[in-house]
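Given next are the chains, with one letter for each unit.
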Number of protein chains: 2
Amino acid sequence: MTKWVYSFGNGLNEGRAEMRNLLGGKGANLAEMASIGLPVPPGFTITTEVCSAFYDNGRKYPADLQAQVGAAMQRIEDAMGLRFGDADAPLLVSVRSGARVSMPGMMDTVLNLGLNDRTVEGLARSSGDERFAWDSYRRFVQMYGSVVMGVAHHHFEDVLDQFKRTLGVIDDTAISAAQWREVVKAYHEIIREHTGQEFPSDPQAQLWGAIGAVFGSWMNPRANTYRRLHDIPASWGTAVNVQSMVFGNMGDDCATGVCFTRDPSTGENVFYGEYLVNAQGEDVVAGIRTPQPMSCARAEEGQHPMETVLPDAYAELLRVRSLLERHYRDMQDIEFTVQRNVLYLLQTRNGKRTAAAALKIAIDMAREGLISKEDAICRVPATSLDQLLHPALDPKAERVQLTRGLPASPGAASGAVVFTAEECEARAARGEDVILVRVETSPEDVHGMHAARGVLTARGGMTSHAAVVARGMGRVCVAGAGSVHIDYATMVMTIDGHSIAEGDWITLDGSTGAVYLGRVATIPPILSDDFNTLMGWADSIRRLGVRANAETPDDAKTACRFGAEGIGLARTEHMFFGPDRIGHVRQMIIADEETVRQRAINALLVFQRDDFVSIFRIMAGLPVTVRLLDPPLHEFLPHAEAEFAEVATALGRTVEEIRARCASLAEANPMLGHRGCRLGLTNPEIYAMQVRAIIEAALQVSDETGKGIVPEIMIPLVATKAELEVARRAAEAEITAVLQERGAALDYRIGTMIELPRAAIQAGEIAHHADFFSFGTNDLTQTTFGLSRDDAGSFLPFYVDHGLLPKDPFVSIDREGVGALVRMGVERGRAAHPGLKLGICGEHGGDPDSIAFFDEVGLDYVSCSPFRVPVARLAAAQAALAHRKENAAA
Amino acid sequence: MTKWVYSFGNGLNEGRAEMRNLLGGKGANLAEMASIGLPVPPGFTITTEVCSAFYDNGRKYPADLQAQVGAAMQRIEDAMGLRFGDADAPLLVSVRSGARVSMPGMMDTVLNLGLNDRTVEGLARSSGDERFAWDSYRRFVQMYGSVVMGVAHHHFEDVLDQFKRTLGVIDDTAISAAQWREVVKAYHEIIREHTGQEFPSDPQAQLWGAIGAVFGSWMNPRANTYRRLHDIPASWGTAVNVQSMVFGNMGDDCATGVCFTRDPSTGENVFYGEYLVNAQGEDVVAGIRTPQPMSCARAEEGQHPMETVLPDAYAELLRVRSLLERHYRDMQDIEFTVQRNVLYLLQTRNGKRTAAAALKIAIDMAREGLISKEDAICRVPATSLDQLLHPALDPKAERVQLTRGLPASPGAASGAVVFTAEECEARAARGEDVILVRVETSPEDVHGMHAARGVLTARGGMTSHAAVVARGMGRVCVAGAGSVHIDYATMVMTIDGHSIAEGDWITLDGSTGAVYLGRVATIPPILSDDFNTLMGWADSIRRLGVRANAETPDDAKTACRFGAEGIGLARTEHMFFGPDRIGHVRQMIIADEETVRQRAINALLVFQRDDFVSIFRIMAGLPVTVRLLDPPLHEFLPHAEAEFAEVATALGRTVEEIRARCASLAEANPMLGHRGCRLGLTNPEIYAMQVRAIIEAALQVSDETGKGIVPEIMIPLVATKAELEVARRAAEAEITAVLQERGAALDYRIGTMIELPRAAIQAGEIAHHADFFSFGTNDLTQTTFGLSRDDAGSFLPFYVDHGLLPKDPFVSIDREGVGALVRMGVERGRAAHPGLKLGICGEHGGDPDSIAFFDEVGLDYVSCSPFRVPVARLAAAQAALAHRKENAAA
């Protein structure tokens, strides 16, 4: 005889967690909870095989189903000491569908099944609450009417609305027992009217009606569509779960509550939650009565902890708590009901928690032996570390929100508003906290950004200049706040009617994108021992190396502090914007006379060499990849009147001549213009100077420290093999010259960015001339999509909102398109040059989803902004674990 | 006994054309010429096997080689009636190397071998020209001294320079026989001094010295390097060719000449060339004496045609001419010498010719049965057709060249210079011929360009806006003429000191890039019957369809006239710039009020519908692909003060508001900005209007003509499947609406441009929603290379000059990079959607090399500017033939 029905609860547990295919997801979960000894309300599951048999046999049930259901109902009645349909102490049940995989919205639940005009009176008596009984009944009739009998919801709602209008009440809570009785009558009438049938008063008829509705719903059009879209075979079928109802509002020996097995805010290992005596679950949420604490330890004067009010149930709860954590091996969020001093667990699930709590719970549980180190690593969402590394707004502080932009660089900061980089530097030098506000930022603003506590822009996306640079520096940034209007002339910004002048204070929350008026208190970040422990564990597991993108001594130090294993991208152009340098840069670009030009280049050589010396010293022998000049020359040109004059004087030319020369260098699409190695090839003296500076610095620091510095020189924006071949040859000629002059030897690497589709396609050819590749996924995303980061703000949010793109491809790598090119570059590069070192230095290097992809395609390392290094270390470990798991499964 | 030596000439022809491996390239050619009865000077070839044997046996010759060479020399002596080393009538020979494949510069030739102090006197006597004899001797000594004996060239030149200084002469021609005798003496001295050896006076010693030098040269470092670079195995060896010298300067029964078997300028089937009696080849070239015509028919009064002066040799030449054309099946360019009334053919090769001649010769030869139609198709370079379709400068007209830019759009045109599109239109409306001169052009200049005869720009490359638009319209264009300086304020341009004001005339040659002062006479194009015949043949052979890129009625008519089979790209944005439309376009973009905006859109609907009606009418049922709006909206915005005011008035706003709105739409990289389907998706009403206009027009013209118009609607700049899916759904909704309103039915297609790397990579996904793909290789090249067409001018020429790119990738498709993406798009698209129609509509659609590639990857059609249609038809046929040939070979 086939077993069609599996009971659970009250010690008779016929199912197991593994029987998901037979019992459905919900049935298997209930079986699991019951089987480990959790006090779930007793019930049973009708298997998915019944569903299949039902459809195979012309919608008829197997012959012995009725008998098995009857026996199982009997077991529930025995367990609860109630009888289904009993006029005095009626058993009520819920009926729910449950397929192998969750199919949300496919079928609603029917609660309180078993009520009729007679049993409702029994419920009123046993609960001592007539109003509750009739309210439960009317809910049941409405649910059953719509779910089982097919009467549209709104018919019931229309009647209730009409009724409330007549009574002149607004809230359901104002309706009395007698009035609910009227509503039930009206509902019965609606059902009669729309179906031509009476509402079934026989509980058995109700039960089989509900079971039939669940099986019938498996083949309704909504479910068919859902299955087609999600590739779920119809043959799987659904199970039906029938479970005893329990009530926490039947007297003072009853209660209901919600709690967490540990503190979800701090992670502390204490029982955390609240409960209400003689209440239903919704009362806890509704906030009409004040919930009470669980334990005496957490109770304040005048509160009534469950520990003292319901000591037996509380003791049982403590047993349940430890059972849960041992079984589920994670902090649980539970709902419970106490009915007549008996504890029932209605639901358990992994609890949501703050970043700090996630970290503490993971480390604690690993130490307690509940989980492994590997589990601990996977328990902390990598991106959540950002919250731990930056100051946050004090949750208790009052605030007036002005607007919200994009959360471009995390943390919170307050300061006086300034509108120019110069003013920013000046005030910061006087010790003021400053927030730089710009329509958008450009490389000229970098020094101002460095001096600022935070940056606010009106335009630009998550990967706009402001966002990228701010993240790199660890400065708070809110970008693309469209309602910010800046008038540079009057030095005032307006935000939705608020007018904020230079010097007024605002506060930015870079983790949410919010902008607040005035100063909002912040709390500093705490890098706990737990943090260091987790990082250590992650390092022991990850395969991917983690480097940082850094070019200032400050950034390099931050990178080291956060555990970077080298610098994957030092952008030399950032070094050109210093006030002591930009003049020379401009002369180098604009001078016609060779001697003037060479003098400017020589001056820059000294600065660049000093820059590299500092970085090499800080990195103390770790690898440093230096990218030669990348942006188009016009980025360095003067804009302001005074700057034109300055350059003109320095070069002995008229302002008009300088202006004309600058205009002639302007480009229609600078992103696709005369930059990267194109510059280096047409102006070989610039790259020669940079290469010389790198090599001279490496020699100097090698001498000083005795550690052999092995600089990695990176040629940007290569599209063809020939470009790299020629650029490499020129670099090597300069290196040879320096080494001969010094009579020294030095090991070095020369490689290239792979940041153009053509470079990825031709990676096999290009690899012949490269010691390493670094994927520049920012530019690669721009060119693969034909999408400018600077301009995408006008439509990318629309795209993401409308499902045209799953997410911003500058934040998380587009695996299908950009990712396909990265994979191609890796495969072709390695095939042609097996020793090729492969890394990535785009913004994606700090994004966990992207890091998982980079691990999968087999890169050697990722490089990200210094503040993302811990995120990358953790994400890399998680990727390695996911990889292991896949391999084990395969 | 191995045969080491193969004789040729004078009836004894031991070799054959096929024996290239044994005789080397030159030897096989000589054998071929001799064997078909051409009177080549007699000689012999020492085989490549001797070379191999030489190296295999420690640089020793096979034992019987000397005897075979002796016998072959004997045969030359007999044929020429001269003896090698004879003091009275010496035989002179040339010695040349000749490997299987040409290895230029590997070894020089030795001429006049056999001369010494005695035989030189015999040559003087037999030629009656002592000076010639001694000049020949000194040339021989110098050649032999350097090539065989290894004395550096410059030693001989130093002596000669010194000698000429002493004599006070500048030209070699002023040196007498006696003086050359002194030079020879000095040369002998140099050789003695540098080698310690005497110059060999024994002709046999000379001969074996030269043979040894040829074989020795096979293994010299230069040859080894060359072979390594070109993958030529050393085992191939070289052959040595020894051939009798013949002289055209031994009296009045001697002559020398150069001729073509047909007129290389017109293609006419007449013998064409010139000759000189009693002269050497170099005399014909030197221009000291005036060469005479070949035939009486071509002789003018007072000229001495060869036909009458040397009737026997002329008759022989006529026989040779017909022999040559029958054998080589192409017009030949020959050099000949008559020595003592005997004709010798020194060289024959396929003759260079003009485009017109190439066409005529190909058609004539096919009609004469000399070649097949297929051959004829391959004989006309496809690009040369451009010359036939446009006016050209009259070659006889005098001219003053001002400068030279890029030959951006072919043909010649004269006109008055204007500097604005407005003035251009105004003057053209008054019937003036006008040349529009701009620093660079933008979409706003298009109407001016249309009114102009030609366009000159100071900036921009072969695919700049000016170049692309001008080619599309068939307007002459010289682009990127860097020495042109335009002052818009004073309306004057200066070119290298010439000052040219508005209204002054200039002439452009768009085929060469030259700019001339004033009006230079032009000759109109002639589309001959031959042209039509060739096109007909090409059409019968090509597999690729050929469409045109056209959006104006004029362009559409031109396209039809040139045989386009449809329109592959009608750019709707060009329709937005008309003076009657741009106002509405601006209102549509800038208006905030929905009603104002909708009114503007409704106004545009009427214009667009009329545009499509005209085009559909002209194309009479041929397919028309209409691309929905592609450029970013800011391209349409006002720039001039008056325009701002106009828009402000129309919308009832202030100029400042309008200016701010325009500024907010500006983009950093418009190429990668808010354009294409991104616009269509965020502003669905624009695409809806365009779709409605297309469908309404198609219905109207279908009704009028009874021909079912099947419009092809193309969505630009798609990067993801979702974009096309949503845009298609929106278009279909609008189409359904129109068809329902009209109660009509219409067949239509919806497809997309594949112009972003991501689209090519994801072509399989995208194909599910597309009826067709059109590869937009302009944008695809920009994004694949990360290279803006507008900005590439500053470094692309440098790249091509320095071999960093083989050619401009915007002109001829980059097969390795962009081509790889096209191939990927084709393969993935077809795999997912077998019926997918595939075309290309970038500039590459008119480039023969690119067309060959598109044929190879299996596109269905190419689409190019109307004037390139004949080029594309011919190139497509040539590609099909090349394809057939490959298949036959495989």
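Residues numbered from 1 in each chain as written. Chains lettered and ligands numbered in written order. Predicted model: local features only at pLDDT ≥ 70, side-chain atom pairs only at ≥ 80, totals over all residues. Heavy atoms only, no water.

With an unreviewed UniProt entry as reference, chain A is termed Pyruvate, phosphate dikinase, source organism Novacetimonas maltaceti. In its Function (unreviewed entry) section, the UniProt record describing chain A reads: "Catalyzes the reversible phosphorylation of pyruvate and phosphate." (UniProt positions renumbered as here; feature names shortened; annotations may be inferred.)

This brings us to the overall build of chain A. A tally of regular secondary structure across chain A gives 34 helices and 33 strands. For the C-alpha atoms alone, the extent of chain A along its principal axes is close to 105 × 60 × 55 Å. Taken across its 890 residues, chain A has 57% of its residues classed as buried. Intrachain contacts of chain A at a sequence separation of at least 6 include 67% that bridge at least 24 residues. Averaging the positions of the 86 positive and the 114 negative side-chain charges in chain A gives two centres separated by 4 Å. (Helix = DSSP H or I, 4+ residues; strand = E, 2+ residues; numbered from the N terminus. Buried < 20%, exposed > 50% of the residue type's maximum accessible area, 1.4 Å probe, protein only. Contact = heavy atoms within 4.5 Å. Lys, Arg positive; Asp, Glu negative; His and termini not counted. Charge placed at Lys NZ, Arg CZ, Asp CG, Glu CD.)

Taking 1.5 Å per residue, 18 residues should reach 26 Å; helix H5 (residues 130-147) of chain A reaches 26 Å between its end C-alpha atoms and fits that length. Among the 18 residues that make up H5 of chain A, 14 are buried, leaving the element largely enclosed by the rest of the structure. (Expected span 1.5 Å × (residues − 1).)

Turning our attention to the relation of the copies chain B and chain A. Mapping chain B onto chain A calls for a screw motion: a turn of 179 degrees about the axis and a shift of 0.2 Å along it, with 0.3 Å RMSD after fitting. In symmetry terms, the pair is related by a two-fold rotation axis. Of the interface residues in chain B, 100% have counterparts in chain A that sit at the interface too, so the contact is made through matching surfaces. (Least-squares fit on C-alpha atoms with pLDDT ≥ 70 in both.)

Residue and element names in this part refer to chain B. Between helix H33 (residues 848-857) and helix H34 (residues 869-889), the shortest axis-to-axis distance is 8 Å and the interhelical angle comes to 50 degrees. Considering the angle they form, H33 stands oblique to H34. Relative to H34, the crossing made by H33 is right-handed. Of the residues in H34, those in contact with Pro848, Ile851, Ala852, Asp855 and Glu856 of H33 are Val871, Ala872, Ala875, Ala876, Ala879, Ala880 and His883. Here the residues of the contact of H33 with H34 are counted per class, giving 9 nonpolar, 1 polar and 2 charged. (Axes fitted to C-alpha atoms, helices over the stretch in contact; angles between N-to-C directions. Parallel < 35°, antiparallel > 145°, perpendicular 65-115°, else oblique. Left-handed = near helix turned anticlockwise from the far one by under 90°. Nonpolar A, V, L, I, M, F, W, Y, C, P; charged D, E, K, R; others polar.)

Residues and elements named next belong to chain B. Remark: helix H21 (residues 582-590) packs on helix H22 (residues 594-619), axes separated minimally by 8 Å, with the N-to-C direction vectors making an angle of 145 degrees. At the point where H21 passes H22, the crossing takes the left-handed sense. Contacts from His584, Val585, Gln587, Met588 and Ile589 of H21 reach H22 at Arg597, Ala600, Ile601, Ala603, Leu604 and Phe607. The class makeup of the residues in the contact of H21 with H22 is 8 nonpolar, 2 polar and 1 charged.

Two measures describe an aromatic ring pair: the distance that separates the ring centres and the angle between the ring planes. All told, the structure shown has 40 aromatic pairs over all chains when counted by the stated rule. Here Tyr61 of chain B and Trp208 of chain B contribute two aromatic rings whose centre-to-centre distance is 5.6 Å and whose plane-to-plane angle is 55 degrees, an arrangement assigned as tilted. Here Tyr61 of chain B is found in the loop between helix H2 (48-56) and helix H3 (65-80), whereas its partner Trp208 of chain B is found in helix H8 (residues 203-217), with 147 residues between them in sequence. Owing to a relative accessible area of 27%, Tyr61 of chain B belongs among the partly exposed residues under this scheme. The rings of Phe54, Tyr55, Tyr61, Trp208 and Phe215 of chain A are connected pair by pair, giving a single aromatic cluster. The aromatic ring of Trp218 of chain A is capped on one face by Arg227 of chain A, whose charged end is 4.2 Å from the ring centroid. When the ring centre of Phe562 of chain A is taken as reference, the NZ or CZ atom of Arg561 of chain A above it lies at 5.0 Å. (Phe/Tyr/Trp six-rings, centres within 6.5 Å; stacked < 30°, edge-to-face > 60°. Lys NZ or Arg CZ within 6 Å of the ring centre and 35° of its normal.)

What follows is about unusual backbone geometry. The phi angle of most residues is negative, glycine excepted, and most peptide bonds adopt the trans form. Even without glycine at this site, Asn278 of chain A takes up a positive phi of about 50 degrees. The phi dihedral of Ala620 of chain B falls on the positive side, at around 45 degrees, and the residue is not glycine. Note that Ala620 of chain B resides in the loop between H22 and strand S28 (624-627).

The subject of this paragraph is the UniProt feature "domain: Pyruvate phosphate dikinase AMP/ATP-binding" (unreviewed entry) in chain A. Per the UniProt record, the feature "domain: Pyruvate phosphate dikinase AMP/ATP-binding" (unreviewed entry) sits at residues 21-57, 64-297 and 312-368 of chain A. Overall, residues 21-57 of chain A shows 65% helix and 11% strand. The separation of its end C-alpha atoms is 20 Å.

With that settled, consider the UniProt feature "domain: PEP-utilising enzyme C-terminal" (unreviewed entry) in chain A. With numbering matched to this structure, UniProt assigns "domain: PEP-utilising enzyme C-terminal" (unreviewed entry) to residues 530-879 of chain A. As annotated, residues 530-879 of chain A comprises 54% helix and 10% strand, and the C-alpha atoms at either end are separated by 21 Å.

So, about the sheet that holds strand S9 (residues 272-277) of chain B. Residue and element names in this part refer to chain B. Judged by pairing direction, the sheet is antiparallel, and its 5 strands sit side by side in the order S10-S9-S8-S11-S12 without closing on themselves. The strands lining the two open edges of the sheet, one partner per strand, are strand S10 (292-293) and strand S12 (342-350). In the sheet, S9 pairs with S10 via 2 bridges, with the strands oriented antiparallel. Bridging across to S10, Glu274 finds its partner in Pro293. (Pairing = 2+ DSSP bridges.)

What follows deals with the interface of chain B and chain A. Taken together, the 46 residues of chain B in the interface contact 46 residues of chain A. The junction of chain B with chain A conceals about 3,800 Å² of combined surface from both sides, 59% of it contributed by carbon and sulfur atoms. Here chain B is connected to chain A by 4 salt bridges. The partner of Asp814 of chain A in a salt bridge is Arg758 of chain B, with the nearest N and O atoms 2.6 Å apart. (Buried area = accessible area lost by both parts, 1.4 Å probe. Salt bridge = Lys/Arg side-chain N within 4 Å of Asp/Glu carboxyl O.)

What follows deals with the domain arrangement of chain A. Residue and element names in this part refer to chain A. We note that the domain assignment places domain 1 (5-244), domain 2 (255-350), domain 3 (390-523) and domain 4 (529-578 + 602-631 + 676-889) within chain A. Between domain 3 and domain 4, the C-alpha centre-to-centre distance is 29 Å. Contact with domain 3, which involves 13 residues of that partner, is made by 14 residues of domain 4. With both chains or domains summed, domain 3 and domain 4 bury close to 1,400 Å², and 59% of this area falls on carbon and sulfur atoms. If you look at where domain 3 meets domain 4, you find 0 salt bridges. Counting across the interface, domain 3 meets domain 4 through 0 residue pairs in polar contact (both at pLDDT 80 or more). At the level of elements, helix H17 (446-451) and helix H18 (465-473) are the ones that each hand at least two residues to the side of domain 3 that touches domain 4. (Domains from an automatic or database assignment. Polar contact = N/O pair within 3.5 Å; in protein donor to acceptor, adjacent residues only side chain to side chain.)

Here we come to the nonpolar core. Core analysis: the largest hydrophobic core is formed by 287 residues, its most contacted members being Phe773 of chain A together with Phe773 of chain B. For Phe773 of chain A, the residues in contact, after removing those within four places along its chain, are Thr752, Ile754, Ala763, Ile766, Ala767, Gly825, Gly829, Leu836, Lys837, Leu838 and Gly839 of chain A. Formed by 66 residues, the second largest nonpolar core is a distinct cluster that contains Phe44, Leu123, Ala124 and Val240 of chain B. (Core = buried A, V, L, I, M, F, W, Y, C linked by side-chain atoms within 4.5 Å.)

Moving on: the pairing of strand S27 (residues 567-571) of chain A. All names here are of chain A. Most of S27 sits inside the fold, with 5 of its 5 residues counted as buried. Where strand S26 (residues 545-549) meets S27, 2 bridges bridge the pair, whose relative direction is parallel. The residue of S27 that forms the bridge with Ala548 is Ile567. As judged from the 3 bridges shared by S27 and strand S28 (residues 624-627), these two strands associate in the parallel manner. Paired with Ile567 across the two strands is Val624, which belongs to S28.

Let us look at the pattern of salt bridges. Applying the stated rule across the entire model yields 130 salt bridges over all chains. Between Arg581 of chain A and Asp580 of chain A there is a salt bridge whose closest N-O contact spans 3.5 Å. Judged by its relative accessible area of 13%, Arg581 of chain A falls in the buried class. Note that Asp333 of chain B and Arg349 of chain B form a salt bridge whose closest N and O atoms lie 3.5 Å from each other. Of the two residues, Asp333 of chain B is situated in strand S11 (residues 332-339) and Arg349 of chain B in strand S12; the sequence distance between them amounts to 16 residues. Accessibility expressed as a relative area gives 43% for Arg349 of chain B, which makes it partly exposed. Connected via shared salt-bridge partners are Arg609, Arg692, Glu696, Glu734, Glu741 and Arg742 of chain A.

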